[in-house]
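Below, each chain spelled out in residue letters.
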Amino acid sequence: MATNNYLFSAAIDFGTTYSGYAFSTRNDFQTSPLNASCMTWTAGSGRLQSLKTSSCVLFNPDGEFDSFGFEAEDKYSDLALEDDHKAWYFFRRFKMTLYEQGDIKRHFELRDMNGKRMPALKVFSSILRYLKNQLLGECAKQGFESVDTDIQWVLTVPAIWSEPAKQFMRVAAVDAGLPSEQLILALEPEAASLFCKHQPVQSMVDGEGKKMGVFRHGTKYMVLDAGGGTIDVTVHQVQKNETIKEIHKASGGNWGGTSVDDEFESLLSDIVGEQIFREFKNDSVEDLLELYRSFEVKKRSISKTMEGKITFTVPVKLLEIFRKHHPNDKMDRFIKGNPKYSSDVIWRGDKLRMSKALTISLFDRSLRNITDHLDQIVCHPNVQDLSAILMVGGYSECPILHDAVIERFPNLKVIVLREAGLAVLKGAVITGHCPNNIAERICRFTYGVSCRMKFKEGVHKEEYKCIDEDGDTRCGKLFGYHVSVGDSVTLGKSCQKHRYRVMRSTDTSITIYIHASTEPSPMYITDKSCQELGSLKISMPDTSLGRDRQVDVSMTFGGTEIEVEAVDIHTNEKHTAFFDFLG
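Residues numbered from 1 in each chain as written. Predicted model: local features only at pLDDT ≥ 70, side-chain atom pairs only at ≥ 80, totals over all residues. Heavy atoms only, no water.

Comments concerning the packing of helix 7 (residues 257-272) against helix 8 (residues 274-283)
Here's step 1: Two elements in contact, helix 7 and helix 8, have axes whose closest approach is 6 Å; the angle formed by their N-to-C orientations is 125°. With respect to helix 8, the element helix 7 is oriented oblique. Every residue of helix 8 that contacts helix 7 at E265, L268, S269 and V272 is listed here: E274, I276, F277 and K281.
Here's step 2: In terms of residue class, the contact of helix 7 with helix 8 is made up of 4 nonpolar, 1 polar and 3 charged. (Axes fitted to C-alpha atoms, helices over the stretch in contact; angles between N-to-C directions. Helix = DSSP H or I, 4+ residues; strand = E, 2+ residues; numbered from the N terminus. Parallel < 35°, antiparallel > 145°, perpendicular 65-115°, else oblique. Contact = heavy atoms within 4.5 Å. Nonpolar A, V, L, I, M, F, W, Y, C, P; charged D, E, K, R; others polar.)

Remarks on unusual backbone geometry
Here's step 1: One non-glycine residue, D83, lies in the positive phi region at around 60°.
Here's step 2: Although it is not a glycine, K477 sits at a positive phi angle of roughly 60°.
Here's step 3: By the secondary structure assignment, K477 is in strand 25 (residues 473-483).

Quick notes on the packing of helix 2 (residues 70-81) against helix 9 (residues 285-299)
Here's step 1: Taken N-terminus to C-terminus, the directions of helix 2 and helix 9 make an angle of 145°; their axes are 7 Å apart at the nearest point. Of helix 9, the residues touching helix 2 (which contributes F70, E73, D74, Y76, S77, A80 and L81) are V285, E286, L289 and R293.
Here's step 2: Its residues assigned to classes, the contact of helix 2 with helix 9 shows 6 nonpolar, 1 polar and 4 charged.

Digging into the sheet that holds strand 17 (residues 310-313)
Here's step 1: Strand order in this open sheet of 3 strands is 17-19-18, and the pairing throughout is antiparallel. The open sheet has two edge strands with one neighbour each: strand 17 and strand 18 (345-348). Going across the sheet, the axis of each strand differs from the next one's by a mean of 20°, ignoring polarity.
Here's step 2: Inspection of the sheet shows strand 18 paired to strand 19 (residues 351-354) by 4 bridges, in the antiparallel sense. In the sheet register, W347 faces strand 19, and the bridge partner there is L352. (Pairing = 2+ DSSP bridges.)

Some details on the sheet that holds strand 26 (residues 488-490)
Here's step 1: Read from one edge to the other, the open sheet built from 7 strands follows the order 21-20-14-15-16-22-26, with strand pairing classed as mixed. The open sheet is flanked by strand 21 (413-416) and strand 26, the only strands paired with a single partner. Across the sheet, the mean angle separating the axes of adjacent strands is 25° when strand polarity is ignored.
Here's step 2: Where strand 14 (residues 220-226) lies against strand 15 (residues 231-238), 7 bridges are found, and the strand directions are antiparallel. Its bridge partner lying in strand 15, A226 is registered against I231.

Side note on the packing of aromatic side chains
Ring pairs (aromatic) are described by centroid distance and by the angle formed between their planes.
Here's step 1: For the structure on display, the rule yields 22 aromatic pairs.
Here's step 2: Where F8 meets F144, the ring centres are 5.7 Å apart and the plane angle is 75°; that geometry is what we call edge-to-face. A residue pair is termed long-range when its members are at least 10 positions apart, and F8 in strand 1 (residues 8-14) and F144 in the loop between helix 4 (120-141) and strand 12 (151-157) qualify at 136 residues.
Here's step 3: Given the relative accessible area of 6%, F8 is considered buried.
Here's step 4: By relative accessible area, F144 is classed as partly exposed at 26%.
Here's step 5: When the centroid spacing of 6.5 Å and the interplanar angle of 70° are considered together, the rings of Y18 and F70 count as edge-to-face. Taken together, the residues Y18 in strand 2 (residues 18-25) and F70 in helix 2 connect sequence positions 52 residues apart.
Here's step 6: Given the relative accessible area of 21%, Y18 is considered partly exposed. (Phe/Tyr/Trp six-rings, centres within 6.5 Å; stacked < 30°, edge-to-face > 60°. Buried < 20%, exposed > 50% of the residue type's maximum accessible area, 1.4 Å probe, protein only.)

Structure, rendered in structure tokens:
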């Protein structure tokens with residue numbers, strides 16, 4: 001088991017719903033790989049304790065960081081009780097913006113709960129700075145004296161994120177004081193896979209109580225990382241040297257646990273009326289946050305084996321607002337008069353009782369998207385002899401999701417890991433100690449550059465025809481690919497070099513535009529499947545060779561990020577390559 005030379009591995013798992021940190025020393029890891037120190041967070045006057053905290057952040061009216069996690073939730077609730085909250089900035093569940101926003105720029109902004117704007121980089125970096133300082137403080141409390149150069153930092157990101165989203169997280173982390181050269185971005189399902197790999201066999205128990213030896217040489221297994229926001233799915237195979245090879249590209253979607261929360265919120269709005277629920281959200285922030293909290297806990301206990309009606313706690317304030325708008329009506333009578341809910345819902349005081357069928361329907365869209373997606377992967381030729389599905393992530397702790405996966409795939413072993421909600425975090429600590437455990441990955445996109453080639457009549461588009469400095473007819477806007485979607489690439493090994501030359505004899509640099517496509521062989525960078533990721537500028541100030549100046553460009557894939565190297569073929573000097581995904 002190869003390890004690096006850092007004394008500590010420190011990981012930050014910044015999730016959509018919950019976040020946390022963990023660390024271990026090299027000696028701890030070598031003795032017990034799963035032995036990582038985690039912070040215990042407390043919410044609501046000690047009523048709730050957790051090894052992760054809510055992904056909420058509060059800034060004061062001047063835009064200065066105030067608090068994070070349960071502390072931010074509690075303080076914002078207190079401010080709302082006194083009606084002093086409106087000038088403050090409160091952000092909740094905003095990480096999904098990096099998945100949902102197609103065009104991520106360095107200076108894009110987030111909207112807080114009241115619609116006020118703040119630079120996203122400030123929000124993310126403030127949180128990472130806080131978690132970094134908390135982690136270092138906890139190290140000091142435990143008597144570990146270290147210097148900055150002793151620490152390998154690991155930050156988790158969803159595998160299905162775009163390259164610009166991943167780079168944005170790196171920029172935010174560096175802005176927060178994490179040294180770039182000591183920072184690894186770990187893909188969440190891969191971190192979870194390493195956590196699973198180090199589990200004792202007795203912990204790998206399937207739904208029938210059978211122990212599973214998943215990590216034998218040649219074994220193929222799927223990692224289903226079901227988090228609050230995204231569902232990340234990868235398929236891995238164990239290699240002879242105990243490293244892990246990805247055999248199906250990472251995929252997934254925004255079908256995580258928060259999609260169930262959204263369904264519950266929509267249901268309440270539909271029952272009482274959109275205007276009433278909107279007023280509740282705007283005027284009763286403290287009750288709204290408590291509603292979110294209580295549903296999050298209740299959600300994890302719902303299963304198809306439950307009998308009778310399921311009881312949810314809802315704020316009395318919502319009922320009071322309803323009565324204000326309907327002074328001559330009672331909630332029970334109002335619901336009975338609605339054929340959509342008359343037989344499924346009873347609402348008395350702060351208790352909402354729903355039929356089993358209606359409760360389970362809140363999960364329908366999420367479960368259908370997840371199981372349909374898994375079905376597509378299982379049918380792929382490379383995945384035919386799959387041994388097991390390993391379920392990790394907080395949403396995996398919901399029995400109804402576990403049951404849905406078992407029901408859809410009765411011939412596969414389905415295992416929910418112990419500490420499923422901590423698998424990514426603790427696996428990220430392991431990643432810091434053994435960053436080379438993932439040997440190969442499957443490319444999710446075709447990567448290449450914008451280039452020009454000799455124009456072919458009847459093949460190339462006339463609109464892209466151009467004449468170069470030597471009078472030759474060329475076709476522009478062609479997609480010159482370096483690696484195709486579905487290709488297996490070795491971690492840390494550069495792919496085939498491609499040679500590029502300056503366009504004009506007087507140019508003092510080459511700017512190469514990097515593109516990605518969902519198609520294996522795109523022809524033009526303007527194809528619908530293509531998007532520009534960023535640019536790579538190579539300085540070439542000596543113009544004495546005119547247009548004969550060329551560089552060899554190689555891309556190293558398989559790592560969490562793409563590394564680029566450009567070498568001047570005339571001087572053999574490596575040039576500084578600026579690969580900017582954010583613009």
